[in-house]
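Residue-level structural notes
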Amino acid sequence: QLRLLGNWELVLREAQGPGGQPFFTVAADRRAKRVAVLIPGTQTPQDCVTDLKALPVQVLADGSLIGWVHRGMMRQASAILRLVGSALERFEKDGYEVLFIGHSLGAGVSAIAGAVARLGIEKVKLKKVRSFCYATPAIGNGSFGKYCEGHAITVINC
């Protein structure tokens, strides 16, 4: 299906795994110098458990409180970055823009993953990162939302 989008090619496809890791796909457009982490919405019983882990957790960077976010989605975002963060840093070093793209649960994870990568929380630090989020659920408080304005675009169909 990536071939239908033009120059995109599959880099990695990961199934759900331990530590909250969701299913996700990594694809690259080498001509446009973009790499995308694609995260789907709720599909499995484990995803339903993640949806229910809505307790707030702090997002801290250099000892400062950035805001509060959905615990289950933070766990998934962190798991993705631990798994592919170093590869994303190499792509960025080679001039690529890093994109996190998701729908519903995946949209929340995408927004958080972009923030975590910008902040360098999971030992991954990205500067050229954006999150494209479709049908994004509530994921955090107002101060976290304000921080996300620098990298995230969310679309909600009303």
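Provided above is the structure to which this section pertains.
Residues numbered from 1 in each chain as written. Predicted model: local features only at pLDDT ≥ 70, side-chain atom pairs only at ≥ 80, totals over all residues. Heavy atoms only, no water.

1. With respect to the overall build of the protein
For clarity, the threshold we go by: Secondary structure elements are defined from DSSP: runs of H or I of at least 4 residues count as helices, runs of E of at least 2 residues count as strands, and each element is numbered from the N terminus. Throughout, radius of gyration means the C-alpha value; the globule benchmark is 2.2 Å times the number of residues raised to the power 0.38. Buried, partly exposed and exposed residues are distinguished by accessible area as a fraction of the type maximum, computed with a 1.4 Å probe on protein chains only: under 20%, between the cut-offs, and over 50%, respectively. Any two residues whose heavy atoms approach within 4.5 Å are treated as being in contact. When charges are tallied, Lys and Arg are placed among the positive residues and Asp and Glu among the negative ones, while His and the ends of the chain are skipped. A charge is said to be at NZ when it belongs to Lys, at CZ for Arg, at CG for Asp and at CD for Glu.
A tally of helices and strands in the protein yields 4 helices and 8 strands. Scanning the protein from its N terminus toward the C terminus, one meets helices and strands in the order β-β-β-α-β-β-α-β-α-β-α-β. Here the protein has a C-alpha radius of gyration of 15 Å; the compact-globule value for 158 residues is 15 Å, and the two agree. Counting only C-alpha atoms and orienting by the principal axes, one finds that the protein spans roughly 40 × 35 × 35 Å. Among the 158 residues that make up the protein, the fraction classed as buried is 43%. Across the protein, every contact between residues at least 6 apart in sequence was considered, and the portion connecting residues at least 24 apart equals 58%. Side-chain charges in the protein split into 19 positive and 12 negative, and the spacing between the mean points of these groups amounts to 2 Å.

2. Re the packing of helix α2 (residues 71–93) against helix α3 (residues 105–119)
How we decide: All axes here are fitted lines through C-alpha atoms, helices being fitted over the stretch that makes contact, and every angle between N-to-C directions spans 0 to 180 degrees. Geometric relationships in this document are graded by angle, where less than 35 degrees denotes roughly parallel, more than 145 denotes roughly antiparallel, 65 to 115 denotes roughly perpendicular, and other angles denote oblique. Less than a right angle of anticlockwise turn of the near helix away from the far helix marks a crossing as left-handed, whereas a clockwise turn marks it as right-handed. All residues other than Ala, Val, Leu, Ile, Met, Phe, Trp, Tyr, Cys, Pro, Asp, Glu, Lys and Arg, Gly among them, are scored as polar; the first ten of these are nonpolar and the last four charged.
Where α2 meets α3, the closest approach of the two axes is 8 Å, and the angle between their N-to-C directions is 60°. Between α2 and α3, the angle falls in the class oblique. Seen along the crossing, α2 lies across α3 with a hand that is right-handed. Taking contact as the criterion, the partners of Met 73, Met 74, Gln 76, Ala 77, Ile 80 and Leu 81 in α2 are, on α3, Leu 105, Gly 108, Val 109, Ile 112, Ala 113, Val 116 and Ala 117. Classifying every residue of the contact of α2 with α3 by side-chain character gives 11 nonpolar, 2 polar and no charged.

3. Points about the side chain of His 151
Its location among the elements puts His 151 in the loop between α4 (142–148) and β8 (152–155). Setting aside anything within four residues of it in sequence, one finds His 151 in contact with Ala 111, Gly 114, Ala 115, Arg 118, Val 129, Arg 130 and Ser 131.

4. Some points on the pairing of strand β4 (residues 56–61)
In plain terms, the rule: Two strands pair under a simple rule: DSSP has to find at least two bridges between them.
Pairing geometry for β4 and strand β5 (residues 64–70), over 6 bridges, is antiparallel. Paired with Leu 60 across the bridge in β5 is Leu 65. Between β4 and β5, which pair antiparallel and follow one another directly, the connecting turn spans 2 residues, one of which, Asp 62, has a positive phi of 55°.

5. Regarding the packing of aromatic side chains
The condition that has to hold: Side-chain rings of Phe, Tyr and Trp (the six-membered ring for Trp) are treated as a pair once their centres are within 6.5 Å; stacked means planes under 30 degrees apart, edge-to-face means over 60, and tilted covers the remaining angles.
In the structure shown here, the tally under the stated rule is 1 aromatic pair. Summarising the aromatic geometry, the rings of Phe 91 and Tyr 96 are spaced 4.9 Å apart at their centres and angled 75° between planes, so their arrangement reads as edge-to-face. Overall, the relative accessible area of 6% leaves Tyr 96 in the buried class.

6. Remarks on the pattern of salt bridges
This is how the line gets drawn: Each salt bridge in this description consists of a side-chain nitrogen of Lys or Arg and a carboxyl oxygen of Asp or Glu lying within 4 Å of one another.
Under the definition given, this model contains 5 salt bridges. For Arg 82, the salt bridge goes to Glu 122, with nearest N and O atoms at 3.5 Å. In this pair, Arg 82 sits in helix α2 while Glu 122 sits in the loop between α3 and β7 (129–134), placing the two residues 40 residues apart along the sequence. Connected via shared salt-bridge partners are Arg 34, Glu 97 and Arg 130.

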